[in-house]
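Observations on the model geometry
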Amino acid sequence: SPVTAALVTKTLDKAGVLHRTRTVDKGKRLRKKHWSASWTVLEGGVLTFFKDSKTSASGGLRQPSKLSTPEYTVELKGASLSWAPKDKSSKKNVLELRSRDGSEYLIQHDSEAIISTWHKAIAQGIQELSAD
Ligand code: I3S
């Protein structure tokens, strides 16, 4: 997959553990939020949320084949990103990512510094992909 290829070819843009939840699935608003901590990889214009956070630094980078299955993959082309309005979550530092196919995700980290680097990286990815 592009993700595992990235891990071995060192073209990885960013990876780490974030809290995330999907709120809209292709236009259909989901009734409940299910936040979970997730190993998250940004590479090649695609943001991938893995099912759990456990496969991360513990060897995931060196053994891509041992990575768990992606749960959500979000193509950044045509996506939009903003800080989530307060009514979307009581948590702090929440980003809202809307994909071109009409899905929405909330992405959160307690550290403002960490979420800010993700904000920058995702926004830059979106911008680069919409340049042409
Ligand atoms: O928008 P909501 O309903 O306040 O979102 C909260 C719920 O998803 C809640 O789950 P339960 O309804 O099973 O308690 C989550 O535990 C909360 O984290 C959600 O609110 P925040 O404000 O944390 O996104």
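Our subject is the structure that appears above.
The following paragraphs examine the structure supplied in this document. (Residues numbered from 1 in each chain as written. Predicted model: local features only at pLDDT ≥ 70, side-chain atom pairs only at ≥ 80, totals over all residues. Heavy atoms only, no water.)

1. Some words on the environment of Ala 123
Structurally, Ala 123 can be placed in helix H2 (residues 112-129). We classify Ala 123 as partly exposed; its relative accessible area is 31%. Sequence spacing of Ala 123 and Lys 28 is 95 residues, and the spatial spacing of their C-alpha atoms is 24 Å. (Helix = DSSP H or I, 4+ residues; strand = E, 2+ residues; numbered from the N terminus. Buried < 20%, exposed > 50% of the residue type's maximum accessible area, 1.4 Å probe, protein only.)

2. What to know about the pairing of strand S3 (residues 36-43)
S3 sits mainly inside the fold: six of its eight residues count as buried. Note: strand S1 (residues 14-25) against S3, seven bridges, orientation antiparallel. Paired with Lys 14 across the two strands is Leu 42, which belongs to S3. The turn joining S3 and strand S4 (residues 46-50), which pair antiparallel and follow one another in sequence, is formed by two residues; a positive phi near 55° is taken by Gly 44. (Pairing = 2+ DSSP bridges.)

3. Focus on the nonpolar core
In terms of nonpolar packing, the biggest core is built from 17 residues, with Leu 47, Phe 49, Leu 76, Leu 97, Ile 107, Ile 122 and Ile 126 touching the most fellow members. If you list the elements that add at least two residues to this core, you get S4, strand S5 (70-75), strand S7 (94-98), strand S8 (104-108) and H2. In terms of residues, this core owes the most to one element, H2, which gives four residues. Setting aside its immediate chain neighbours within four residues, Ile 126 contacts Leu 76, Ala 79, Ser 80, Leu 81 and Leu 97. (Core = buried A, V, L, I, M, F, W, Y, C linked by side-chain atoms within 4.5 Å. Contact = heavy atoms within 4.5 Å.)

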